[in-house]
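# Structure assessment
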Amino acid sequence: MSIDTPTLPVFGPGLTQQRQLLTAVPGPRSLELQRRREAAVSRGIGSVLPVYVIAGGGGILRDVDGNSLIDLGSGIAVTTVGNSAPQVVANVTDQVAKFTHTCFMVTPYEGYVEVCEALNELTPGDHEKRSALFNSGAEAVENAVKVARSYTGRQAVVAFEHAYHGRTNLTMALTAKNMPYKHTFGPFSPEVYRVPFSYPYRDGLTGAEAAERAISRIDSEVGAGNVAAILIEPLQGEGGFIVPAEGFLTAIADYARASGILLIADEIQTGFCRTGDWFACDHEGIVPDLITTAKGIAGGLPLAGVTGRADVMDSIHTGGLGGTFGGNPVACAAALGAIAEMREHDLCSAAGRIGSILLSALAAIAARSGRIGEVRGRGGMIAAEIVVPGTSQPDPATTAAIARACHAEGVVVLTAGTYGNVLRFLPPLTIPEDLLIEGLAVVGEAFDARA
Ligand code: PLZ
């Protein structure tokens, strides 16, 4: 495969960019830690692959047994700039030695303002914007809904089938999938309504038809005049990297605007270069009223944002938004370092190149395996939907088996999807291309072993 590489990848300090297995995966030290964990950590928290990590950088995770694994998951779309990216490390080290916390609501600091300036500049639309910072994606979504309800004086929130927005009470209500996110955790927050998304592989509808289907459901079951916000992932993440048919987002955005409904784009998984642009909304020129960000924003430190129209964000009474840790100075320093890495190394273009490699490797696997119903996604966010050969019936068992086979060979892959049958790839955008190609060869072998 010939690929031009105009930018050099950036690595976390000192990690050879090579897969190397010294023991079984997980190895004996990881298994020992797993035993300790079972006696100390709630079983309610799972782990995809219980190898215990001691270092990470570029496309490599090193574990306590000395194994070097290829990372095709970025800790669920977080380490976009790679682990311990140089400018993240430098900014965090500097900040942590100066002060670690004052609480922005008590005595503020410049880093918070600078991150908000960057968010206002980078998010879609050139209108005047304001931002507020929080700790997690779920918290950002909660706050975007608070703002939308307060601004519109309306209560209903529309979310989509296959959506994922978090694990807090309101965001569980907004999330579609029961297991494992909602099961036994009700009752859920009221005034949340769910309508169909556009899922071309399964519904065969055009974007306009799928939008019409969603809109008629909103009109008949909720009433546009009651709706504060439509909350949408422009490309669904946990739901299975579902790319809506062209025109779907535009039609939903037009409907929202015409109905006085705020459009909230949840770009927590898609944002910050992941899909080959700063934000996934950019691909179709959608300009949401509010946008939520987290994950890739701060190179691995916990930070989240709500950014939106100045009139909407400033309509909230002073003190109405906040939280002790929101916009922590160390997390803000990390975000500024991560954004600098994205700009300097043009990680949006890197996502495009990574996407081409992923798409062609997966297309080749699909052609010979018969188990892949569809390969889809954008940029560094690509997935294969796994089905029973000759049908479109989801095959979660094979999906899980293929993921396990990759893990055993030292390649960290993740699954997703309402039906648990989507193998998804979210490599750090600083992964060396030969390492990505090697990881995908391992994925191919896992399919071939099940031919
Ligand atoms: N919105 C679009 O993808 C987080 C969830 C992992 P938090 N997705 C990964 C898990 O199983 O908990 C996510 C997302 C979108 C919101 C969130 C929530 O972000 O930072 O996990 O709260």
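The paragraphs below set out a description of the structure included in this document.

Criteria and thresholds
Residues numbered from 1 in each chain as written. Predicted model: local features only at pLDDT ≥ 70, side-chain atom pairs only at ≥ 80, totals over all residues. Heavy atoms only, no water. Helix = DSSP H or I, 4+ residues; strand = E, 2+ residues; numbered from the N terminus. Contact = heavy atoms within 4.5 Å. Pairing = 2+ DSSP bridges. Axes fitted to C-alpha atoms, helices over the stretch in contact; angles between N-to-C directions. Phe/Tyr/Trp six-rings, centres within 6.5 Å; stacked < 30°, edge-to-face > 60°. Buried < 20%, exposed > 50% of the residue type's maximum accessible area, 1.4 Å probe, protein only. Near = heavy atom within 4 Å. Polar contact = N/O pair within 3.5 Å; in protein donor to acceptor, adjacent residues only side chain to side chain. Nonpolar A, V, L, I, M, F, W, Y, C, P; charged D, E, K, R; others polar. Expected span 1.5 Å × (residues − 1).

### Describing the environment of Cys103
Checked against the element boundaries, Cys103 lands in the loop between α3 (86-98) and α4 (110-122). Residues Cys103 and Ile76, spaced 27 residues apart in sequence, show a C-alpha to C-alpha distance of 28 Å. Beyond its immediate sequence surroundings of up to four residues, Cys103 is in contact with Tyr109, Gly323 and Thr324.

### Details of the sheet that holds strand β4 (residues 129-134)
One open sheet holds the seven strands; their spatial order is β4-β10-β9-β8-β7-β5-β6, and the pairing between them is mixed. Whereas interior strands pair on both sides, the edge strands pair on one side only; in this sheet they are β4 and β6 (192-195). Averaged over neighbouring strand pairs, the angle between their axes works out to 20° when direction is ignored. Pairing geometry for strand β5 (residues 156-160) and strand β7 (residues 227-232), over three bridges, is parallel. Each bridged residue has a counterpart across the sheet, and for Val158 the counterpart in β7 is Ile230. Contacts between α4 and the sheet are confined to β4, β9 (290-293) and β10 (304-309), with β4 contributing the most and set at about 125° to the helix.

### Points about the packing of aromatic side chains
Taken as a whole and assessed by the stated rule, the structure comprises 10 aromatic pairs. Between Tyr109 and Tyr112 the ring centres are 6.5 Å apart and the planes differ by 75°, which places this aromatic pair in the edge-to-face class. We note that Tyr109, like Tyr112, is buried. Between the aromatic rings of Tyr164 and Tyr181, the centroid separation amounts to 4.8 Å while the plane-to-plane angle is 70°, which identifies the pairing as edge-to-face. A residue pair is termed long-range when its members are at least 10 positions apart, and Tyr164 in the loop between β5 and α6 (169-174) and Tyr181 in the loop between α6 and β6 qualify at 17 residues. The exposure class of Tyr164 is buried, given its relative accessible area of 19%. Clustering of aromatic rings is evident, with ring pairs tying together Phe99, Phe104, Tyr109 and Tyr112.

### Re the site of the ligand
What surrounds the ligand is a group of 15 residues, the closest being Gly137, Ala138, Arg167, Asp266 and Gln269. One of the side-chain N or O atoms of Arg167 is found 2.7 Å from an oxygen atom in the ligand. Here a nitrogen atom of the ligand sits 3.2 Å away from a polar atom, N or O, in the side chain of Lys295. The class makeup of the residues in the shell around the ligand is five nonpolar, five polar and five charged.

### Considering helix α13 (residues 396-408)
Its 13 residues give α13 an end-to-end C-alpha distance of 18 Å, which sits within 8% of 18 Å, the value for a rise of 1.5 Å per residue. Residues of α13 that are buried include every one of Thr398, Thr399, Ala401, Ile402, Ala403, Cys406 and His407, and no others. The inward-facing, buried residues of α13 abut β12 (381-386), β13 (411-412), β14 (414-416), β15 (422-425) and α14 (433-448). Residue Gly410 follows α13 closely and has a positive phi angle near 85°.

### Quick look at the environment of Pro302
If you trace the backbone, Pro302 turns up in the loop between β9 and β10. Each C-alpha atom of the pair Pro302 and Val78 lies 9.5 Å from the other, and the pair is 224 residues apart in sequence. Beyond its immediate sequence surroundings of up to four residues, Pro302 is in contact with Asn135 and Ala331.

### Comments concerning the side chain of His165
Structurally, His165 is set in the loop between β5 and α6. Here the side chain of His165 touches Asp266 through a polar contact of 2.8 Å, side chain to side chain. With residues up to four places along the chain from it excluded, the contact list for His165 reads Ala138, Val141, Thr171, Leu174, Thr175, Leu231, Glu233 and Asp266.

### Quick look at helix α5 (residues 137-152)
Its 16 residues place the ends of α5 23 Å apart at the C-alpha level, agreeing with the 22 Å of an ideal helix rising 1.5 Å per residue. Gly153, located one to two residues past α5, shows a positive phi value of around 70°.

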